[in-house]
Amino acid sequence: MAHDENPERDGKPEPDRPADRRPMPPESRTAGPQADGKHAADDAPDEGTGRAAETGAPEPAMTGRQRLVAGLWPPRLTRAQLIVALLLFILGLGLAIQVRSTSDSSALRGARQEDLVRILDELDNRSQRLTDEQRRLEGQKTELENSSDQAEEARKQTVEKEQQLGVLAGTVAAQGPGITLTVKDPTHSVEADKLLDTVQELRAAGAEAIQINDVRVVADSYVSDVRGGVEVDGKRVAQPYRFKVIGKPEDLEPALNIPGGVVQTLEKEQATVSVSRDEKIIVDALREAKRPDYARSSSR
């Protein structure tokens, strides 16, 4: 009995076969699980995100101050930044010094025109005094050189010089034009440093002899505070403080009345200050002449 080879005759269709079946490359066989693992890793949620999702709380955002601190610390400086910082420091230091040096003249900037003219006149007078002193010394030199009797001339100049030094040392009395400065301090607020500033200002203005009450002021004089008053060279001086000063009145009085000067400073301490000129001031308080212990004349 012959069998029909056509499958359709049995009623069962034959399964489809691929027309061209090829073997899988080795790379595809090994890459398959790795690729699947990679996709699995990509699809896996982030651990932090998972925790945030589990807790339901969003991550806290950094504030502006925290971001600024994180950006500035720890510092990450380059050499160029260090050089720029050093230059800025030097520039700031120079500006500070310049401002401080110019601040000393701020009192004169606010002064009136009359006060500035008076200050200029005082400077001119000081310059003129120095010029006159130079001429006087040159004249003495000429007299010594041209005098027929140089010994007598030298003796006369020695006596004159001794008197001048005696006035400066306070060992002889002196008289001449000058001013009288009276300071009344009812509140006892004027201290020793204010009186010492007054003495220094008078010396700078050309004072040749100064007396405070009954105490002669010389080069080594000192002023100190004591309970309820002031001492000059260890001697207590009572109020009012009266300064008798010999010098050119036209120089002495303006020096005390300049803006920010002695008079204004004492008045800020609630003191009453008065200045009067006089053609004849007598300074009669004397100091004892002391022989130096170590200094000797170097002339031979």
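Quick one: what's the story with the side chain of aspartate 233, residue by residue and with numbers?
Relative to the assigned elements, aspartate 233 resides in the loop between strand S5 (229–232) and strand S6 (235–237). On the basis of relative accessibility, which here comes to 17%, the residue aspartate 233 falls in the buried class. Polar contacts involving the side chain of aspartate 233 include one to the main-chain amide nitrogen of tyrosine 222, which spans 2.8 Å. For aspartate 233, the side chain forms a polar contact with the side chain of arginine 287, separated by 2.7 Å.

So what's going on with the nonpolar core? Residues and values would help.
Counting 29 residues, the largest nonpolar core has Leu202, Ile210, Phe243 and Val245 as the members making the most contacts within it. Going through the elements one at a time, strand S1 (174–184), helix H8 (192–204), strand S2 (209–212), strand S3 (215–217), S5, strand S7 (241–246), helix H9 (249–257) and helix H10 (262–268) are the ones with two or more residues in this core. The leading source of residues in this core is H8, at four residues.

I'd like a description of H8, backed by residues and values.
Between the first and last C-alpha of H8 there are 19 Å, a value that for 13 residues agrees with the 18 Å anticipated at 1.5 Å per step. Here H8 has its buried residues at Ala192, Lys194, Leu195, Thr198, Val199 and Leu202. Downstream of H8 by a residue or two, glycine 206 has a phi angle that is positive, lying close to 105 degrees.

Before we move on, can you summarise the confidence of the model for the protein chain with the specific residues and values?
Per-residue confidence for the protein chain averages 77 on the pLDDT scale, and 72% of its residues sit at or above 70. pLDDT under 50 marks residues 1–13. Its contacts with residues more than four places away, or in other chains, come to three contacts. Throughout residues 27–53 the model reports pLDDT below 50, and contacts reaching past four residues in sequence, or to other chains, amount to two contacts.

Reading the values: the criteria
Residues numbered from 1 in each chain as written. Predicted model: local features only at pLDDT ≥ 70, side-chain atom pairs only at ≥ 80, totals over all residues. Heavy atoms only, no water. Helix = DSSP H or I, 4+ residues; strand = E, 2+ residues; numbered from the N terminus. Buried < 20%, exposed > 50% of the residue type's maximum accessible area, 1.4 Å probe, protein only. Polar contact = N/O pair within 3.5 Å; in protein donor to acceptor, adjacent residues only side chain to side chain. Core = buried A, V, L, I, M, F, W, Y, C linked by side-chain atoms within 4.5 Å. Expected span 1.5 Å × (residues − 1). pLDDT = per-residue confidence, 0-100. Contact = heavy atoms within 4.5 Å.

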